[in-house]
Amino acid sequence: MPSATPTADAPAADSAWPRVAQQEQEGRQWTVATGRWTALGMSSLPAWQALSKSLATAPPADDRAWDLRPIEQLDHIGAQLLWEHWRHEWPATLEMEAQHKAVLDQVAQYTVATPDEPPKTLADRIRTFSHNGPRAMVVARDFIGLIGQLAIDVGTLIRAPHRAPWRDFSGHLYQFGATALHITALVGLLIGVVLAYLISQQLRNYGAEAFVVNILGLSLVRELGPVLAAVLIAGRSGSAITAQIGVMRVTEELDAMRVMGIPHGFRLVMPRVLALAIAMPLISLWTSMAALLGGMLAADAALDISPAYFLSALPRAVPIANLWLAMAKSAVFGILIALIGCYFGMKVKPNTESLGRGTTSSVVTSITAVILVDALFAVLFKGIGFRG
């Protein structure tokens, strides 16, 4: 009957599986190999699992003897497996048939170890640098071209404002600005609470609790607020810009726009750059306010500094120039994040792997650029915003 055939063939198939077993003969331990050591015999998953399990308990080529005479068939795949298990050394005692020995001799003769990678010479390092140099120049050229095209598009907008994509601009302004208020406020509030508690632990030792307003105000308004907001927007909106334009590349919408004569810079890049340039200072101010609120509440709980005193001392501790400086560099952060997101979106190739790689590169590059520009602002304007 049909149902009996697989059951009857199963024991025969199991007996043909390659495996090894430990046996004691004449007071000596032998490792005996049986079955068909061929590519076909090891092709099924149960056979390979059984062979791997038995080989895991078998010793390599050492004093223990190996008996290969019970093997029914042996090809180069099975011989290579045995040779690798023996770690490219013959066992001390080996019993096998002549035809099996010929296969093993050939495998042992032509098996070589993987060569080690030679260390890089000075010429190799110079060659690698010379390959990366033109690539960096190409990136710089394309990015400068993107900035130049943005300047031309802004000039076109000033000359003919009725041609501007105002609907796209308002949509991006809402997406980048209004929808980011929740997460930036939450993160800013928690950062303010953490900073206030950490600062209070140190100021209490010196009886200088009142200076928590100065430290929190300057650090949050001048540095942490804009940088924290920029990092959040880079991870949130910068990746979204790259993904949106990258998907348009994958679906060939960019090619369709080029065929219809719709400029990419005027319709895709400029609205996003202007939207982030306007939204970023407002988000930075919002994040700094949330962080100051968290710091004020934590100072009231940890140092008994009332909110009334905190609010009255804040304008004296933080000159208004710090706020203008923070909003100015936040606008620069927004322009950089939008330009970097658009650049990597335009460079996406029409496949999903390139889309994921471009999105990751966009976020990392944006955050790095934000930190570098913030350090540049700190050096250039180190004398602004401090009372003498």
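Residues numbered from 1 in each chain as written. Predicted model: local features only at pLDDT ≥ 70, side-chain atom pairs only at ≥ 80, totals over all residues. Heavy atoms only, no water.

By the naming in an unreviewed UniProt entry, the protein is Phospholipid/cholesterol/gamma-HCH transport system permease protein, taken from Variovorax boronicumulans. Regarding the protein, the UniProt comment filed under Subcellular location (unreviewed entry) reads as follows: "Cell inner membrane". Looking at the Sequence similarities (unreviewed entry) heading of the UniProt record, one finds this comment for the protein: "Belongs to the MlaE permease family." (UniProt positions renumbered as here; feature names shortened; annotations may be inferred.)

J.: Before we move on, could you go through the overall build of the protein and cite the residues and values that matter?
T.: Looking only at helices and strands, the protein features 13 helices and 5 strands. Since a compact globule built from 388 residues should have a radius of gyration of about 21 Å, the 35 Å found for the protein marks it as more spread out than a globular shape. For the protein, the spread of C-alpha atoms along the principal axes amounts to about 100 × 70 × 65 Å. Looking at the protein residue by residue over its 388 residues, the buried ones come to 41%. (Helix = DSSP H or I, 4+ residues; strand = E, 2+ residues; numbered from the N terminus. Rg over C-alpha atoms; globule rule 2.2 N^0.38 Å. Buried < 20%, exposed > 50% of the residue type's maximum accessible area, 1.4 Å probe, protein only.)

J.: How would you summarise helix 8 (residues 212-250) if you had to cite specific residues and measurements?
T.: Every α-helical turn comprises 3.6 residues, leaving residues that sit three or four positions apart pointing alike. Of all the bends in helix 8, the largest measures some 50° and sits at Leu220. Just past helix 8, the residue Glu252 takes up positive phi, approximately 65°. (Bend = angle between axes of the 7 residues up to and from the residue.)

J.: How would you summarise the pairing of strand 2 (residues 28-37) if you had to cite specific residues and measurements?
T.: Examined bridge by bridge, strand 1 (residues 19-25) and strand 2 share 7 bridges and lie antiparallel to one another. Note that in strand 2 the partner of Gln23 across the bridge is Trp30. Where strand 2 meets strand 3 (residues 65-67), 3 bridges bridge the pair, whose relative direction is parallel. The residue bridging Thr31 from the neighbouring strand is Trp66, located in strand 3. (Pairing = 2+ DSSP bridges.)

J.: Residue-level account of a nonpolar patch on the surface, with values.
T.: Taken together, the side chains of Ile183, Leu186 and Leu190 present a nonpolar region at the surface, about 260 Å² in accessible area. The topology assignment puts Ile183 in helix 7 (residues 181-206). The exposure class of Ile183 is partly exposed, given its relative accessible area of 38%. (Patch = residues over 30% accessible without salt bridge, like charges linked within 9 Å, V, L, I, M, F, W, Y side chains within 5 Å. Areas by Shrake-Rupley, 256 points an atom, 1.4 Å probe, with all protein chains shown as cover. Salt bridge = Lys/Arg side-chain N within 4 Å of Asp/Glu carboxyl O.)

J.: Give me the lowdown on the UniProt feature "transmembrane region" (unreviewed entry) in the protein, citing residues and values where you can.
T.: Under the present numbering, the feature "transmembrane region" (unreviewed entry) in UniProt falls on residues 173-199, 273-303, 323-346 and 358-381. Here residues 173-199 is 85% helix and 0% strand, with 36 Å between the C-alpha atoms at its ends. For residues 358-381, helix accounts for 96% and strand for 0%, while the C-alpha atoms at its two ends are 34 Å apart.

J.: Could you give an account of the packing of helix 12 (residues 320-346) against helix 13 (residues 352-380), with specific residues and numbers?
T.: Interaxial distance between helix 12 and helix 13 falls to 9 Å at its minimum, and their mutual angle equals 155°. Relative to helix 13, the element helix 12 is oriented roughly antiparallel. Between helix 12 and helix 13 lies a crossing whose hand is right-handed. Across the interface between the two elements, Leu325, Lys329, Val332, Phe333, Leu336, Ile337, Ile340, Gly341 and Phe344 of helix 12 pack against Gly358, Ser361, Ser362, Thr365, Ser366, Ala369, Val370, Val373, Asp374 and Phe377 of helix 13. In the contact of helix 12 with helix 13, the residues fall into 11 nonpolar, 6 polar and 2 charged. (Axes fitted to C-alpha atoms, helices over the stretch in contact; angles between N-to-C directions. Parallel < 35°, antiparallel > 145°, perpendicular 65-115°, else oblique. Left-handed = near helix turned anticlockwise from the far one by under 90°. Contact = heavy atoms within 4.5 Å. Nonpolar A, V, L, I, M, F, W, Y, C, P; charged D, E, K, R; others polar.)

J.: Give a description of the side chain of Ser288 that names residues and reports values.
T.: Mapped onto the secondary structure, Ser288 falls in helix 10 (residues 264-303). Judged by relative accessible area, which is 5%, Ser288 ranks as buried. Residues contacting Ser288, with those up to four places away along its chain left out, are Leu220, Val221, Gly225 and Pro226.

J.: Run through the environment of Leu173, naming residues and quoting values.
T.: By secondary structure assignment, the location of Leu173 is in helix 6 (residues 166-176). In sequence terms Leu173 and Val318 are 145 residues apart; their C-alpha atoms lie 29 Å from each other. When residues no more than four places from it in sequence are discounted, the contact partners of Leu173 are Ala178, Ala275, Ile278 and Ala279.

J.: Please give an account of helix 6 that cites residues and values.
T.: Along helix 6, the residues that are buried comprise Phe169, His172 and Phe176. With its buried residues spanning 70° around the axis, helix 6 presents them on a single face. For helix 6, the exposed residues set more than 90 degrees away from the buried face come down to Arg167 and Tyr174. Of the surrounding elements, those touching the buried residues of helix 6 are helix 8 and helix 10. (Arc of directions from axis to C-beta.)

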